[in-house]
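Single-letter residue listing:
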Amino acid sequence: MKVLTLNFLTCAVKTCKSSSDSFPLHPKDAELASDDVEVNPQLLVNLLPRIDWNALRTTSTELGFPQLPEQPPTAEELGADEKVLKDLHSLLIETQIMEGKLVCGHCGHEYAIREGIANFLLPSHLV
Amino acid sequence: MDYLIRFSQSHETFRLPEIQALAVIEGIDLKVISYSLESPFCIVHLPSATAARRLIQRSILAMSVHELWGAGADLAAVHAAVCATTPHLWADYATCSFKFTLDSYQGSRSAADKIRLINAFSYLGFAGPIQMRNPDEEFVLFEDWPLNSTPLGIADPTYCYFGRFLGAGARDLPKRLDLKKRRYISTTSMDAELALVTANLALAAPGKIVYDPFVGTGSFPIACAQFGAVTFGSDIDGRSIRGDEKKKTLRGNFEQYGLLAGLGGMFTADLTNSPIRRAPLRHDGDGATGRIFDAIVCDPPYGVREGLRVLGVRDPEKSPWIIPKGKEMYKDPDFVPPRKPYSFLAMLDDILHFAAQTLVDNGRVSFWMPTANDEEQEIPVPAHPYLETVSVCTQVFNKWSRRLITYRRIPDNEVDPEAMKSREETIYVGKSADELNPFRKAYFNKFEN
């Protein structure tokens, strides 16, 4: 599962949706891998307004990456600075969580990730 | 200038919506002059020949596009039109290599007739070499014949067109993604041609983000990735994504076609308890904040070949032990949460509501739904105040058909707030699959009233 995907996901439990603690989910015992993907500047520019930057900063720190700046880069900065582009690409697109768990900060439910595929199905008492 | 699009005479109701979607993707001003479901020839008005080539290049249902030099009810009318409107163009092709071809739809001509028809254009004065392989220019005479013209001995076509070939569509793509040669498919994988058409209708393009909530073996994400989009998907049954965990997996399909750059992320989830973050619907949003996808494409389960189920217990009173058992067991890696049948119409509503909450402005949702051909049993096209219907395409089978319905997410300030208030929360009653799903019931009753 890409770090980008993690930025799109909250806890699946309905009562958690209203709580800000349910996003982002917190990785636990995460085994990381890196895929080799060609940089796609157009994709990153399109993604920028859709990424929740504060959540990405949290995730990035929790996975042991260097602290991201407080403000997201602008589309112009991405176009001008190749290093910013490459770093963001490497974090969002290339980094994969292969094994581990995602934990909700509100209800504490743990979602397992196996071979890069996370499982968000809930047992009946949480539906 | 006017241009002639030569369609394939199949999936007729999909053809025009596809071309119109491609015009949106390429930002081309398209005006349809004449089009009929019964004919493969369509005349359109476009700003330039370059625009015509761009419009057609990724079309699955259009074979080619031509600069239209003349058209008429018989050959004399075609020649008159060519002589009246195109003499200023003739000099441009006086010395290049060229060839003439004849395209007779539903008709045939003898070899001698073909030569006679082609020689009738000698007044164009093309002096360059005639070259049947890779000529610089190709000129085509199209004839539209009535059905069964050869056995009925009909002498003349009903309409003729003459034009210069500009570019071809992407009719080779369905072969490239052919299910017969795909490593990993399942019983309900969408065939490559219709999956690609769906991707076109959803405006899949480089840099765009597409989501399929019923991903299965990944037919739609693969088609969208073929056009450069990055795709996400989920399925309530994780086994369909994992496959055999070796070569036959969803990821393996992306590998097979060299499309791994278009594989965003796949996970196991249920649409009614989706983990995707959503923005609450508002009337004054800025058009983007909190919304993620450019397009949502899916072929939801019809409840016939594959069950239509969501998380939950079918009858908690009859089987009260299931819930406490789940509480104890859910952390077990082999735990499979119980699922219950779900209403087909409620699911369609859920898809639309989900789309309204997650699509950016002008983003599209395209999904397939089945319906009975019998009018009394027909299932209406679902609606949502935040979505505008763009097109409804129908693939007809014997007693039922399936429709590909495409909607556009309209900007918040264009939404009628009254319509949202009056959108009643329909409650779909019933517990068994038949009670919940009118299509399934009609299907297994052989559509008899």
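Keep in mind the model is a prediction, meaning the values are calculated, not measured.

About the thresholds
Residues numbered from 1 in each chain as written. Chains lettered and ligands numbered in written order. Predicted model: local features only at pLDDT ≥ 70, side-chain atom pairs only at ≥ 80, totals over all residues. Heavy atoms only, no water. Pairing = 2+ DSSP bridges. Helix = DSSP H or I, 4+ residues; strand = E, 2+ residues; numbered from the N terminus. Axes fitted to C-alpha atoms, helices over the stretch in contact; angles between N-to-C directions. Contact = heavy atoms within 4.5 Å. Domains from an automatic or database assignment. Buried area = accessible area lost by both parts, 1.4 Å probe. Salt bridge = Lys/Arg side-chain N within 4 Å of Asp/Glu carboxyl O. Polar contact = N/O pair within 3.5 Å; in protein donor to acceptor, adjacent residues only side chain to side chain. Phe/Tyr/Trp six-rings, centres within 6.5 Å; stacked < 30°, edge-to-face > 60°. Buried < 20%, exposed > 50% of the residue type's maximum accessible area, 1.4 Å probe, protein only. Lys NZ or Arg CZ within 6 Å of the ring centre and 35° of its normal. Lys, Arg positive; Asp, Glu negative; His and termini not counted. Patch = residues over 30% accessible without salt bridge, like charges linked within 9 Å, V, L, I, M, F, W, Y side chains within 5 Å. Areas by Shrake-Rupley, 256 points an atom, 1.4 Å probe, with all protein chains shown as cover. Charge placed at Lys NZ, Arg CZ, Asp CG, Glu CD. Nonpolar A, V, L, I, M, F, W, Y, C, P; charged D, E, K, R; others polar. UniProt positions renumbered as here; feature names shortened; annotations may be inferred. Parallel < 35°, antiparallel > 145°, perpendicular 65-115°, else oblique. Left-handed = near helix turned anticlockwise from the far one by under 90°.

### A word on the sheet that holds strand S10 (residues 263-268) of chain B
Residues and elements named next belong to chain B.
- The seven strands lie next to each other as S10-S9-S8-S11-S14-S16-S15, forming an open sheet whose pairing is mixed. Edge strands, defined here as strands with exactly one partner in the open sheet, are S10 and strand S15 (387-396). Going from strand to strand, the sheet's axes swing by 15° on average, the running direction of each strand aside.
- In this structure, strand S8 (residues 209-212) lies alongside strand S9 (residues 230-235), joined through four bridges in parallel fashion. In the sheet register, Ile-209 faces S9, and the bridge partner there is Val-230.
- The sheet contacts of helix H13 (residues 344-358) involve S8, strand S11 (293-298), strand S14 (359-372), S15 and strand S16 (400-409), and relative to S14 the element is tilted by about 170°.

### Quick word on the domain arrangement of chain B
All names here are of chain B.
- Under the domain assignment used here, chain B contains domain 1 (2-171) and domain 2 (174-444).
- Opposite the 15 residues of domain 1 that make contact, domain 2 presents 19 residues.
- Around 1400 Å² of area is buried between domain 1 and domain 2 when both sides are counted, 69% of it from carbon and sulfur atoms.
- For the domain 1 face of the interface with domain 2, the top three residues by lost area are Phe-14, Arg-58 and Ile-60, together amounting to 42%.
- Here domain 1 and domain 2 share one salt bridge between them.
- Residue Arg-171 is joined to Glu-193 by a salt bridge in which the shortest nitrogen-to-oxygen separation is 3.3 Å.
- Here domain 1 is connected to domain 2 by five residue pairs in polar contact (both at pLDDT 80 or more).

### Looking at the packing of aromatic side chains
Residue and element names in this part refer to chain B.
- Evaluated as defined, the whole model comprises 39 aromatic pairs over all chains.
- For the ring pair Tyr-302 and Trp-400, a centre distance of 6.3 Å and an interplane angle of 75° mean the geometry is edge-to-face. Of this pair, Tyr-302 sits in the loop between S11 and strand S12 (309-311) while Trp-400 sits in strand S16, and the two are 98 residues apart along the sequence. For the pair formed by Tyr-302 and Trp-400, the shared burial category is buried.
- An aromatic cluster of at least three residues, connected via ring pairs, comprises Trp-69, Trp-90, Tyr-93, Phe-98, Phe-100, Phe-121, Tyr-123, Phe-126, Phe-139 and Phe-162.
- For Arg-58, the ring lying beneath its charged end belongs to Phe-227, and the centroid distance is 4.0 Å.

### Quick word on the side chain of Arg402(B)
Residue and element names in this part refer to chain B.
- Relative to the assigned elements, Arg-402 resides in strand S16.
- Look at Arg-402: it is buried, it has no salt bridge, and the nearest opposite charge is Asp-299 at 4.1 Å.
- There is a polar contact of 2.6 Å between the side chain of Arg-402 and the side chain of Gln-395.
- Apart from residues lying up to four places away in sequence, Arg-402 is in contact with Met-190, Asp-191, Leu-194, Asp-299, Tyr-302, Trp-368, Met-369, Pro-370, Cys-393, Thr-394, Gln-395 and Phe-397.

### Points about the pattern of salt bridges
- Applying the stated criterion across every chain, the model contains 21 salt bridges over all chains.
- When salt bridges that share partners are traced, they join Arg291(B), Asp361(B), Arg409(B) and Asp412(B) into one network.

### With respect to a positive patch on the surface
Residues and elements named next belong to chain B.
- A contiguous patch of positive charge on the surface is contributed by Arg-309, Arg-314, Lys-318 and Arg-339.
- By secondary structure assignment, the location of Arg-314 is in the loop between S12 and helix H12 (322-329).
- Accessibility expressed as a relative area gives 41% for Arg-314, which makes it partly exposed.

### Details of the interface of chain A and chain B
- Taken together, the contacts link 34 residues of chain A with 42 residues of chain B.
- Taking both sides of the interface into account, the surface hidden between chain A and chain B amounts to around 3300 Å²; carbon and sulfur atoms contribute 59%.
- Contact with chain B buries area across many residues of chain A, yet Phe8(A), Arg50(A) and Leu121(A) alone supply 21% of it, more than any other trio.
- For the interface between chain A and chain B, the tally reads three salt bridges.
- A salt bridge links Asp35(A) to Arg251(B); its shortest N-O distance comes to 3.4 Å.
- Tallying contributions element by element places helix H2 (residues 41-47) of chain A first for the side of chain A that touches chain B, with four residues.
- Per-class residue counts for the side of chain A that touches chain B are 16 nonpolar, 10 polar and eight charged.

### Digging into the UniProt feature "domain: tRNA (guanine(10)-N(2))-methyltransferase TRMT11 N-terminal" (unreviewed entry) in chain B
- The feature "domain: tRNA (guanine(10)-N(2))-methyltransferase TRMT11 N-terminal" (unreviewed entry), as annotated in UniProt, sits at residues 1-171 of chain B in this numbering.
- Taken as a whole, residues 1-171 of chain B contains 30% helix and 30% strand, while its terminal C-alpha atoms sit 25 Å from one another.

### Quick look at unusual backbone geometry
- That bond from Phe23(A) to Pro24(A) is cis: its omega, -5°, falls within 30 degrees of zero.
- With respect to the helices and strands, Pro24(A) occurs in the loop between helix H1 (3-7) and strand S1 (26-34).
- Even without glycine at this site, Asp29(A) takes up a positive phi of about 50°.
- In this structure, Gln106(B) takes a positive phi of about 65° despite not being glycine.
- Structurally, Gln106(B) is set in the loop between strand S5 (98-105) and helix H5 (111-119).

### A look at the packing of helix H8 (residues 192-201) of chain B against helix H9 (residues 219-226) of chain B
Residue and element names in this part refer to chain B.
- It is the contact of H8 with H9, at a shortest axis distance of 8 Å, that shows an interaxial angle of 60°. Between H8 and H9, the crossing angle belongs to the class labelled oblique. Taken as a pair, H8 and H9 cross one another with a handedness that is right-handed. For the pair H8 and H9, contact is made by Ala-195, Leu-196, Thr-198 and Ala-199 and by Ser-219, Phe-220, Ala-223, Cys-224 and Gln-226, respectively.
- Its residues assigned to classes, the contact of H8 with H9 shows six nonpolar, three polar and no charged.

### A look at the packing of helix H3 (residues 53-62) of chain A against helix H5 (residues 82-94) of chain A
All names here are of chain A.
- Across the interface, H3 lies against H5 with an axial gap of 12 Å and an inter-helix angle of 80°. In terms of orientation, H3 and H5 fall into the roughly perpendicular class. Residues Trp-53, Leu-56 and Ser-60 of H3 form the contact with H5, whose own contacting residues are Leu-88, Leu-91 and Leu-92.

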